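Structural characterization, general
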Amino acid sequence: MADVAAILEAANLKNDHVRDYVRYWAGITGAANIEVVSADDDARLLKEALEAGEIFPAGDGLYYSRSYYKDTARTEERTIVATNDPADKGVYNNWRPASEMKPKLTELMTGASAGKTMYVIPYLMSPPKSPLEAWAAGVQLTDNRSVVLQMIRMARVSVEFINNLQDPASFVRAVHVTGDLENLGQGTQDDKRYFVTVADERTILHFGSSYGGNALLGKIAHGLRQAAYDGWASGKFLGEQFMLLGITDKVTGKKWHIAGGFPSASGKTNLAMTLAPDALGDRYYVEFYGDDIAWMWVGADGRLYGMNPENGVFGVAKDTNEKTNPTALDSIVPRTGAIFTNVAYNEKTQEVWFEGRTPEPPADLDGWLDWKGKPIAERSPAEAKDPWSHPNARFTTTLANVPNIASDYNEPVGVPIDGIIFGGRTRDREPLIRAIRDVAEGVYDGLTLGAEATFAADGLDGQLRYDPMSMRPFMSYPEGAYAAHWLKIIGECTAKPIFAHVNWFQRDASDGHFLWPGYRENLRALLWLMQLREGSVTGVPSPVGILPAKDELNLEGLDIDPADLDRLLTIDVDRWKQEVGFRQAHLEQFANLPAEIWEAHRRVAEALGD
Ligand code: OXD
Ligand code: MN
């Protein structure tokens, strides 16, 4: 091992607590070398990674990487929140004692980076000088250069962020060791991977993956699990898997901000990056803040404020195209520095392709490799229908590349949040939008958020896979306390955001067609919500919230079957009664759920006539 003190000195890393932390883990992992990185090192690291064959060119200033074929997604059953207090155990956080997990991870990491470079990535999960900056600083250690390249895109990376901390000992210690991917027994009885957040020690220990969702610790473990825990422990903020967008009415000059949680495959990234529908484009301008994480706090003026702690987008590639998300396509064009992972790659033309990018894959198979690196042209007849890219293939690009990134996305003050929406893919029951003014009912709605389970397979017809606030994989403390913390934070706001539940996915029961066209048209529902909040429309009460009156929705330029519209704006009371029964069982799992939440549940049940 080189002289650690000399390396850290040369890298201008001045924080003694960070130095001790780096030295400690360098000793355990046995790394051969240490390198402190900043965003300025990107070009050099790209060159080194290209030369080493870790990434490939995918056009001018675009890159392609392939992860090990058994290492392509987050692994919830191997993901653990550990603390020193057994009372922190919840239903979804996979709680284990810190005293058990720390030695286990230390053992797994011992010597596991031998011969490799350990990169030191000082990062900030907030715009500099944010009121939440004290919870935003971290230092990721990783033995994987591709992870460094992705972290540089996804977080603000510079040694400056940890040299001048108010409390120099207070930063998230985030250790990532890739491990011997070919011998980790992924998905077997002998699985060696562990992804642990020791939340009350602000320490993250992830072993056994180089896939972004397990390895970009600023995003996935710090930005959500650790932040949710810190927000609760400090009583100061909420850290949620939420998108965040802004809508400007160019005629009145008003600007609204909406944050919201959506379980996976419910269109969160597409909504976050949406544009106004063509017919409304002259009047409304939509700005992008974030597609995955929002941290929210109460501002001095009594409004709820929010910001995206990330610096980039780690988006699912599949089905991204001109219709679903033109903004995303524009943010991964040549010279953006975007990195594609596990898509199909043409080694001759350096193009990439993924399912849904175009209706059909490229006709000329010459040079095309599937996500495992196998030539498509050499596929056997049995493999002919296999996807070219992995369903969880990703693109990584910085926020600054997104054409409609909000001009104030980097401002420390954040933005006032006017609306909080929840929306899970649901084929029936959920109308286009229902607004909820009562805070407890809004939080109750978030706690009972879910998306359709795989109906046939699970035999759970009509039952959702519940995903409270879209935080199921990121819950770090018990759900009852989580609900109480939400009630506390929103309760402290003197000007409260309005809540709403949206659903773009209702289908006709007989032929299965979607009743609502979705995508850019979704803005119409959000505009109605903002008008309701401001009192320029009144809506129609229903047992589960306020629905738009038909003439209140701005349908200019939209061709929609009136019968479909009727169904989108009505409630199926019988299906809702069934849902209330499912919800009862879902909520009963949670210890110490605040009485206000149970009261909200009873109010909804009573209104439905139970
Ligand atoms: C996720 C992600 O897995 O945002 O939720 O990547
Ligand atoms: Mn996510």
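Further up the page is the structure itself.
Residues numbered from 1 in each chain as written. Chains lettered and ligands numbered in written order. Predicted model: local features only at pLDDT ≥ 70, side-chain atom pairs only at ≥ 80, totals over all residues. Heavy atoms only, no water.

**Considering the overall build of the protein**
Along the protein, the regular secondary structure elements total 17 helices and 31 strands. Relative to the 2.2 N^0.38 estimate, which gives 25 Å for 610 residues, the radius of gyration of the protein is 24 Å and therefore close to what a compact globule would have. Referenced to the eigenvectors of the C-alpha coordinate spread, the extents of the protein come out at roughly 70 × 60 × 50 Å. Expressed as a percentage of the 610 residues in the protein, the buried residues total 60%. If you take every contact in the protein between residues at least 6 apart in sequence, the share linking residues at least 24 apart comes to 74%. With an accessible surface of roughly 23,000 Å², the protein has 50% of that area assigned to carbon and sulfur atoms. Mean positive and mean negative side-chain charge positions of the protein (61 and 85 charges, respectively) differ by 1 Å. (Helix = DSSP H or I, 4+ residues; strand = E, 2+ residues; numbered from the N terminus. Rg over C-alpha atoms; globule rule 2.2 N^0.38 Å. Buried < 20%, exposed > 50% of the residue type's maximum accessible area, 1.4 Å probe, protein only. Contact = heavy atoms within 4.5 Å. Areas by Shrake-Rupley, 256 points an atom, 1.4 Å probe, with all protein chains shown as cover. Lys, Arg positive; Asp, Glu negative; His and termini not counted. Charge placed at Lys NZ, Arg CZ, Asp CG, Glu CD.)

**Quick word on the pattern of salt bridges**
Under the criterion given, the structure shown has 48 salt bridges. A salt bridge links glutamate 54 to arginine 145; the shortest N-O distance between them is 2.9 Å. In this pair, glutamate 54 sits in the loop between helix H3 (42-51) and strand E2 (56-57) while arginine 145 sits in helix H5 (residues 145-154), placing the two residues 91 residues apart along the sequence. Owing to a relative accessible area of 31%, glutamate 54 belongs among the partly exposed residues under this scheme. A relative accessible area of 16% places arginine 145 in the buried class. The structure contains a network of salt bridges with shared partners spanning Glu35, Asp41, Arg44, Glu48, Glu54 and Arg145. (Salt bridge = Lys/Arg side-chain N within 4 Å of Asp/Glu carboxyl O.)

**What to know about the side chain of serine 209**
Positionally, serine 209 belongs in the loop between strand E11 (203-207) and helix H7 (212-215). Residue classification places serine 209 among the buried positions, given a relative accessible area of 0%. A distance of 3.0 Å separates the side chain of serine 209 from the side chain of asparagine 214, its partner in a polar contact. Sequence-distant contacts of serine 209, that is, excluding residues within four places in its chain, are made with Asp71, His176, Val177, Thr178, Leu181, Phe195, Asn214 and Ala215. (Polar contact = N/O pair within 3.5 Å; in protein donor to acceptor, adjacent residues only side chain to side chain.)

**Here's the deal with the sheet that holds strand E17 (residues 304-307)**
Read from one edge of the open sheet, four strands run E12-E16-E17-E24, paired in antiparallel fashion. Pairing within the sheet leaves two strands with one partner each, and these edge strands are strand E12 (237-240) and strand E24 (415-416). Note that strand E16 (residues 294-298) and E17 share four bridges and pair antiparallel. Paired with valine 298 across the two strands is leucine 304, which belongs to E17. Set on the sheet, helix H8 (residues 217-234) makes contact with E12 and E16; between it and E12 the angle comes to about 160°. Strand contacts of helix H13 (residues 479-492): E12, E16 and E17, with the helix running at about 125° to E12, the strand carrying the most contacts. (Pairing = 2+ DSSP bridges. Axes fitted to C-alpha atoms, helices over the stretch in contact; angles between N-to-C directions.)

**Observations concerning helix H11 (residues 439-447)**
With eight of nine residues buried, H11 lies mostly within the body of the structure. Burial in H11 covers these residues: Val439, Ala440, Gly442, Val443, Tyr444, Asp445, Gly446 and Leu447. Buried residues along H11 sit in contact with strand E25 (419-422), strand E26 (433-436), H13, strand E29 (498-502), helix H16 (573-588) and helix H17 (595-607). The N-cap residue of H11 is aspartate 438: its side-chain oxygen and the backbone nitrogen of alanine 440 are 3.1 Å apart.

**Focus on H3**
Taken together, the buried positions of H3 are occupied by Asp42, Leu45, Leu46 and Ala49. The buried residues of H3 all sit within an arc of 105° when viewed along its axis, so they share a single face. Exposed and oriented more than 90 degrees from the buried face of H3 are Ala43, Lys47 and Glu51. Taken together, the buried residues of H3 touch strand E1 (33-36), strand E3 (63-65), strand E6 (117-124) and H5. One or two steps after H3, the chain reaches glycine 53, where phi turns positive at roughly 75°. (Arc of directions from axis to C-beta.)

**Quick word on the coordination of the manganese ion (ligand 2)**
Six octahedral donors at a metal ideally form angles of 90 or 180 degrees, and four tetrahedral donors ideally form angles of 109.5 degrees. Distances from the manganese ion (ligand 2) to its protein donors, Gln241 (OE1), Asp292 (OD) and Asp292 (OD), fall within 2.1 to 2.8 Å. Remark: aspartate 292 occurs in the loop between strand E15 (284-290) and E16 and glutamine 241 occurs in the loop between E12 and strand E13 (242-249); sequence separation between them is 51 residues. A relative accessible area of 11% means that glutamine 241 is categorised as buried. Its relative accessible area of 9% is what places aspartate 292 among the buried residues. (Donors = N, O, S within 2.8 Å, 3.2 Å for Na, K, Ca; no water.)

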